[in-house]
Amino acid sequence: MVLKPHLDDFKIIGYYLGKITIGIGLFMLIPIVCALGFKEVGPAFDFFIGIGVSFLCGFILTKICFTDKDLNWMQGMIVVSLSWLVATIIGAIPLYLSGHFKSYLDACFDAMSGFATTGLALIQDLDHLSYAHNLWRHLIMFVGGQGIVIVALSFFMKGLSGAFKMYVGEARDERVLPNVIHTSRFIWLVSIVFLVLGTLALGITGLLNGMKVHNAFFHGACIFMTAFDTGGFAPQSQSILYYHSMAFEMITVIIMILGAINFKLHYHLWTGNFKELFRNIESRTFFVTVTIIFIIVAIGLDKVGIYQHTLILFRKGFYQLISGHTGTGFQTIYAKQFINGWNQLSLTGIILAMALGGAVCSTTGAIKMLRIGIIMKAVKEDIRRIMLPEKAIVVQRFHHIKNIFLDDKQVRAALLISLCYLLLYAAGALIGMFLGYPFVASLFESTSAAANVGLSCGITNATMPAFLKITYMIQMWAGRLEFMSIFTLLGFLIAAIKGK
Amino acid sequence: MKNIKNYELRIKNCRKNKIIFLLSFLFCLWSFACFSEAVSSAELIASAKQYDGKEIVYRGEVIGDVMIRGKFAWINVNDTKNAIGVWLTADLAKEVSYAGSYKTKGDIVEVKGKFNRACLEHGGDLDIHANSLQIIEKGKNVAEVISPRKITTAIVFFIICLTLTVIYFIKLGYGNKS
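Scoring rules and cut-offs
- Residues numbered from 1 in each chain as written.
- Chains lettered and ligands numbered in written order.
- Predicted model: local features only at pLDDT ≥ 70, side-chain atom pairs only at ≥ 80, totals over all residues.
- Helix = DSSP H or I, 4+ residues; strand = E, 2+ residues; numbered from the N terminus.
- Rg over C-alpha atoms; globule rule 2.2 N^0.38 Å.
- Buried ≥ 20, exposed ≤ 12 C-beta atoms within 10 Å, placed from the backbone.
- Contact = placed C-beta atoms within 7 Å.
- Pairing = 2+ DSSP bridges.
- Axes fitted to C-alpha atoms, helices over the stretch in contact; angles between N-to-C directions.
- Parallel < 35°, antiparallel > 145°, perpendicular 65-115°, else oblique.
- Left-handed = near helix turned anticlockwise from the far one by under 90°.
- Nonpolar A, V, L, I, M, F, W, Y, C, P; charged D, E, K, R; others polar.
- Expected span 1.5 Å × (residues − 1).
- Arc of directions from axis to C-beta.

Check the secondary structure of chain A and you find 22 helices and 2 strands. In terms of C-alpha radius of gyration, chain A reaches 22 Å, essentially the compact-globule figure of 23 Å for 500 residues. C-alpha extents for chain A along the principal axes are approximately 65 × 60 × 50 Å. Looking at chain A as a whole, 58% of its 500 residues qualify as buried.

Along its length, chain B carries 5 helices and 7 strands. Written out in order from the N terminus, the α and β elements of chain B read α-α-α-β-β-β-α-β-β-β-β-α. When each of the 178 residues of chain B is scored for burial, the buried share is 31%. By sequence separation, contacts in chain B at least 24 residues apart represent 55% of the contacts at least 6 residues apart.

Residue and element names in this part refer to chain B. Where strand β3 (residues 83-89) and strand β6 (residues 127-137) come together, 3 bridges link them in parallel fashion. Along β6, the bridge assignment pairs G85 with D127. By the bridge criterion, 9 bridges tie strand β5 (residues 108-116) to β6 in an arrangement that is antiparallel. By the bridge assignment for β6, I108 is matched with E137.

Further remarks concern the packing of helix α11 (residues 246-259) of chain A against helix α15 (residues 310-325) of chain A. Residue and element names in this part refer to chain A. The interhelical angle for the contact between α11 and α15, taken along N-to-C directions, is 25°, at an axis separation of 10 Å. In terms of their interaxial angle, α11 and α15 are classed as roughly parallel. The two elements α11 and α15 cross, and the hand of that crossing is left-handed. Residues E249, V253, M256 and I257 of α11 form the contact with α15, whose own contacting residues are Y319, I322 and S323. Grouping the amino acids of the contact of α11 with α15 by side-chain chemistry returns 5 nonpolar, 1 polar and 1 charged.

Turning to the pairing of strand β2 (residues 402-405) of chain A, a few remarks are in order. All names here are of chain A. As paired strands, strand β1 (residues 397-400) and β2 are joined by 4 bridges and run antiparallel to one another. Bridge pairing in β2 links H400 to K402. Counted along the chain from β1 to the antiparallel partner β2, the turn is 1 residue long, and its residue I401 has a positive phi close to 70°.

Attention now moves to helix α22 (residues 484-498) of chain A. Residues and elements named next belong to chain A. Over its 15 residues, α22 runs 21 Å from end to end, which matches the ideal 21 Å to within 8%, given 1.5 Å per residue. Every buried residue of α22 is listed here: S485, I486, T488, L489 and F492. An end-on view of α22 places all buried positions within 155° of arc, on one side of the element. Turned more than 90 degrees off the buried face of α22, the exposed positions are L490, I494, I497 and K498.

Next comes the structure, spelled out in structure tokens:
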């Protein structure tokens, strides 16, 4: 028998959702400061309206649903899944008011793409967008990458015991430090330190490349935020191709890889334990998959003969590969070149890279390295079991921060999530094909959306069918939250309708 | 007899040469006519193989930064569909006075030069190496136009926010006292 949710459930969910809504509004103060700094009056008004709507909705929700009760698991998961939808709707307000979107749905698409750190964009005439709106696009990626709720946890909730439930709901089931609040603060510390260093590195490179001072550092900050949070938005329509700089590409590759590393591993590197980097199952799996997939991409590109020199082939192939594998989505080629210039083998390599993703407890999407590593270990164990005598005891272990013995529970969980991702990729590809797009292009774009990557082969644009836009939005949402909180929300809705 | 035959053969050869010359001339004229018209960025990207290594004319607005690199420079030219990188001498780049941004409409330029699908000199980038640059339309600073409705809505929301924040802090103060 399905039990109907109690009124208290709605109140608790509404109360915390209200708090997060106010939090999103507070974040809009940053682009307002930017607008005032660059003397952009129109954009400042757009953000005042955005803050107004979020404060109003937030205050109403916290007033109507006021409670001092703590969250349980179900409520925590639902707050997380709903807060991403609310953030999308509210975050899209200033974007839509900028006048750079054909419809509110398009603005919501970009907002969802931003919060989910995907990077697919429907914005029009990006090269004439204001600094304030551009900063907001990159800021929502930074906030989304850290986790919207993590932001709330760090700044607006003190010592809340229900915090861990929301932390898990945002697809982060690993704590770096024993306390979840300390964990989220550590994540912020790492991000801010890297933000300063990354902005400086990219800003100075921009300056040396001939950019104006304010543009160099503005672009540096924006590109850092979206590279470290493996998002993929860029301030100009050409993505990284705008800079025409190998140094810029190399720095972004380093930042993308840093963003794809588990925050637990970051903690060990910060405390001087560099051995962990070489022993960890995730970094080992990442190295193996990058090598194998690069061979596939390189053979494909060599066959098609677009890049005459090995170094050029490496530069173009490796950049798109790392961008796809880390789930970032920066491009140094035009979207249409994937279809017109690359062949199906190299495209398959990139699709594979996008489908696998980076580390767990990082800002990447997709299946992730820990799960791939566990599945590979399980396959190895089964093969060994067949090869060895029946009485032999086969034990498999792996190193992830500590030595762990592989058990069926871990394998089951890894396979289940991987299966969910594969189904999500396939569903988007099927819908794409149903709407008349070719198979490889549909699979490429669908994988890019569901794995929160943002590489595009040209399907994503403002003229694509609204149904496909909504499909990709759902994929980005489900892919970022790794299904559990969305399944909980669906269960809650079914219980609310059918429950007794 | 032999001389007459030779003479006829020579005339035939001469005619053949003339026809070949005429056809070549017409082909040159045709290609000039084809490629002297500005090609769109969408066409360049879609048919990159066809245009690779050819002299083309490309027209659009200079956007972002004019990036001087020693004796040369990069500009990015947007024809409303895509922006393409143009590599040119620093002297030519200095002719650009406005680059498009939020508050600026960039110079509309016409560049003539060699199109590269995967430039060997620039790490495989799709770019144009320009020989000449002509300013078709000078750019300008654009004044912001803000609708009165937007201003009114923003002010109303600002007052509401301010009121709510004040109420929140007053309540917080009472809560702390109690």
